[in-house]
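# Report on the structure
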Amino acid sequence: MNQKLVAVVDYGMGNLRSVSKAAEHMADAQTRIIVTSHPHEIEDADAIIFPGQGAAKACMKALMDTGMIHPIQKAAKEKPFFGICMGLQVLMSHSDENNGVDCLDVIKGQVVHFDETAHPELKIPHMGWNQIHQTNDHPLWHSIPQDSRFYFVHSYFVQPENKAYIAGETTHGQTFASALSHKNLFAIQAHPEKSAEHGLQLFKNFLAWNGH
Amino acid sequence: MSLAKRIIPCLDVDNGRVVKGVQFVDIRDAGDPVEIAKRYDLQGADEITFLDITATAHERDTMVHVVEEVASQVFIPLTVGGGIRCLEDIRRMLNAGADKVSINSAAIVNPGFVKEACDTFGSQCIVVAIDAKKVSRPGEADRWEIFTHGGRKETGIDAIEWAQQMETLGAGELLITSMDRDGTKSGFDLQLMHEITRRVKIPVIASGGVGNLQHLVDGVKQGGAEAVLAASIFHFGEYTVQEAKEAMQAQGIEVRL
């Protein structure tokens, strides 16, 4: 009965399988990973992994259609919650993507596009391995060296109103928040499921984390 | 601190096996893709590209299983190209664990397919592969055209204009192969790479002709590529990915070591 249930949120997009595979790869015998789009399974789970790729508008629509909005908002305040890429961005109040989309408003702030006029030489999307400078001593950073490289693919990034939420920063022309943490919630712009050893360590740390 | 330039080993897969010359083995059966992918991952490859050269539908199912196997053991980005013709092909590969697919001839048959694919799955997973050959004569202004069928069939499409059009349609990345250089070990067509990289905003992967580590450096420094793709220099054990990265770093290129 001591089994831990971890739900990977399925809203019909992205590289779900890669995320669940990486979590399974790092899970111990007491941990069961499920992939689900059922609101009650989100409610029953002990911890949530919220992955994502693609566009904000489609993500919000899929969450609405599956009835997962409220369970996810609730889980993000109550249990260990790990947002990845779009799973970070939709936690914010509003995204500039797709001509503007209201998001989950779990964290006050905006999602904005890279400033291409200020840095015309930069390639967008920001695609590839970049460093994350850890700005706090979060349990999820344990055993991951400072400034380790993670794999990124994105054109938008988050700007939380409260800078104290920033757990990591990355520079691509401009410096942006590449990880946020607040209480039971940790979310990252990079793709840990594709970031080799450091990414796998992040999954291991999350699965061992009690949310405090 | 900034974005690292990427090194991408490429594996040609036929009926579930890697072909095209890994040393010491028969050319038709050069190795197990899972084992080879794991080896490159350990050497520090930034991504792995699989080119499915399989001809039949039945064998294509095998490719899906290969991707599934690799994706459950290798946790770096995986790209699959070859025979991607419809949205269902893309969905199958992504569900199997691929992160990106590369579209080549299907884009030439119907450029709208690239837009459709990007709208459906997101630009981040759509790579457009462009096989180009120089067609201008000495003394004329440089001009490259797209060729299909392994470089045998000309299309009359200007490669640079095509690259820009693919960006406009939403492609997240371009894989540019010089058909003149492919297999020659004489280095990338740097002029071609430069003409494209200076005109597009999206990342470009340079391919075709790598014979030594300096070629990789040149692809980034002179060609302006964000990533370099090579097959034989890694397959034959001439160099490891690690050695390639050290060579790039020694010349001031930011890499993930």
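Keep in mind that what you see is a predicted model, and the values were worked out from it rather than measured.

Glancing now at the overall build of chain A. The secondary structure content of chain A amounts to 6 helices and 14 strands. Relative to its 212 residues, chain A shows a buried fraction of 61%. Long-range pairs, those at least 24 residues apart, make up 72% of the contacts in chain A between residues at least 6 apart in sequence.

Before going further, it helps to spend a moment on the packing of aromatic side chains. The full count for this structure, using the stated rule, is 13 aromatic pairs over all chains. Measuring from ring centre to ring centre gives 5.6 Å for Phe-82 of chain A and Phe-203 of chain A, while their planes differ by 70 degrees; the resulting arrangement is edge-to-face. With Phe-82 of chain A in strand E4 (residues 81-84) and Phe-203 of chain A in helix H6 (residues 196-208), this pair connects stretches of sequence that are 121 residues apart. For Phe-203 of chain A, a relative accessible area of 0% translates into the label buried. Here the aromatic residues Phe-82, Trp-141, Phe-186, Phe-203, Phe-206 and Trp-209 of chain A are joined through ring pairs into a cluster of three or more. Sitting over the ring of Phe-147 of chain B, Lys-133 of chain B keeps its end group 4.7 Å from the ring centre.

This part is about the nonpolar core. Within the largest apolar cluster, 83 residues are counted, with the highest numbers of intra-cluster contacts made by Ile-48, Ile-90, Leu-174 and Leu-216 of chain B. Here this core takes 6 residues from helix H2 (residues 57-71) of chain B, the largest share from any one element. Apart from residues no more than four positions distant in its own chain, Ile-48 of chain B is found in contact with Ile-8, Pro-9, Leu-11, Ala-37, Tyr-40, Val-74, Ile-76, Pro-77, Leu-78 and Thr-79 of chain B. Ala-7, Ala-45, Ile-48 and Cys-103 of chain A belong to the second largest nonpolar core, which has 39 residues in total.

Of the residues in chain B, 95% reach a pLDDT of 70 or more, and the chain-wide mean stands at 91. Predicted complex metrics record ipTM = 0.91 and pTM = 0.94.

Now for the packing of helix H3 (residues 87-96) of chain B against helix H5 (residues 112-121) of chain B. What describes two packed helices is the angle between their axes and the distance between those same axes. Residues and elements named next belong to chain B. Axis separation between H3 and H5 bottoms out at 10 Å; the angle between their running directions is 40 degrees. It follows from the interaxial angle that H3 and H5 lie oblique. When the axes of H3 and H5 are compared, the crossing they make is right-handed. Where H3 approaches H5, its residues Leu-87, Ile-90, Arg-91 and Leu-94 are matched on the opposing element by Phe-113, Glu-116, Ala-117, Thr-120 and Phe-121. Of the residues in the contact of H3 with H5, the class split is 6 nonpolar, 1 polar and 2 charged.

This brings us to the interface of chain B and chain A. Contacts between the two partners involve 33 residues from chain B and, on the opposite side, 36 residues from chain A. Buried area between chain B and chain A, summed over both chains or domains, comes out near 2800 Å², and the portion from carbon and sulfur atoms is 57%. For the pair chain B and chain A, the number of links is 16 residue pairs in polar contact (both at pLDDT 80 or more). Counting residues per element, the ones that place at least two in the side of chain B that touches chain A are H2 and H3 of chain B.

Let us look at H2 of chain B. With 15 residues, H2 of chain B should cover 21 Å at 1.5 Å per step; its first-to-last C-alpha distance of 21 Å lies within 8% of that length. Restricting attention to buried positions, one finds in H2 of chain B the residues Arg-60, Met-63, Val-64, Val-66, Val-67, Val-70 and Ala-71 of chain B. Down the axis of H2 of chain B, the buried set is contained in an arc of 160 degrees. They therefore lie on one face. Tucked inside the fold, the buried residues of H2 of chain B contact helix H1 (16-26) of chain A together with strand E1 (6-14), helix H1 (33-43), strand E3 (48-52), strand E4 (78-81) and H3 of chain B.

Criteria and thresholds
Residues numbered from 1 in each chain as written. Chains lettered and ligands numbered in written order. Predicted model: local features only at pLDDT ≥ 70, side-chain atom pairs only at ≥ 80, totals over all residues. Heavy atoms only, no water. Helix = DSSP H or I, 4+ residues; strand = E, 2+ residues; numbered from the N terminus. Buried < 20%, exposed > 50% of the residue type's maximum accessible area, 1.4 Å probe, protein only. Contact = heavy atoms within 4.5 Å. Phe/Tyr/Trp six-rings, centres within 6.5 Å; stacked < 30°, edge-to-face > 60°. Lys NZ or Arg CZ within 6 Å of the ring centre and 35° of its normal. Core = buried A, V, L, I, M, F, W, Y, C linked by side-chain atoms within 4.5 Å. pLDDT = per-residue confidence, 0-100. Axes fitted to C-alpha atoms, helices over the stretch in contact; angles between N-to-C directions. Parallel < 35°, antiparallel > 145°, perpendicular 65-115°, else oblique. Left-handed = near helix turned anticlockwise from the far one by under 90°. Nonpolar A, V, L, I, M, F, W, Y, C, P; charged D, E, K, R; others polar. Buried area = accessible area lost by both parts, 1.4 Å probe. Polar contact = N/O pair within 3.5 Å; in protein donor to acceptor, adjacent residues only side chain to side chain. Expected span 1.5 Å × (residues − 1). Arc of directions from axis to C-beta.

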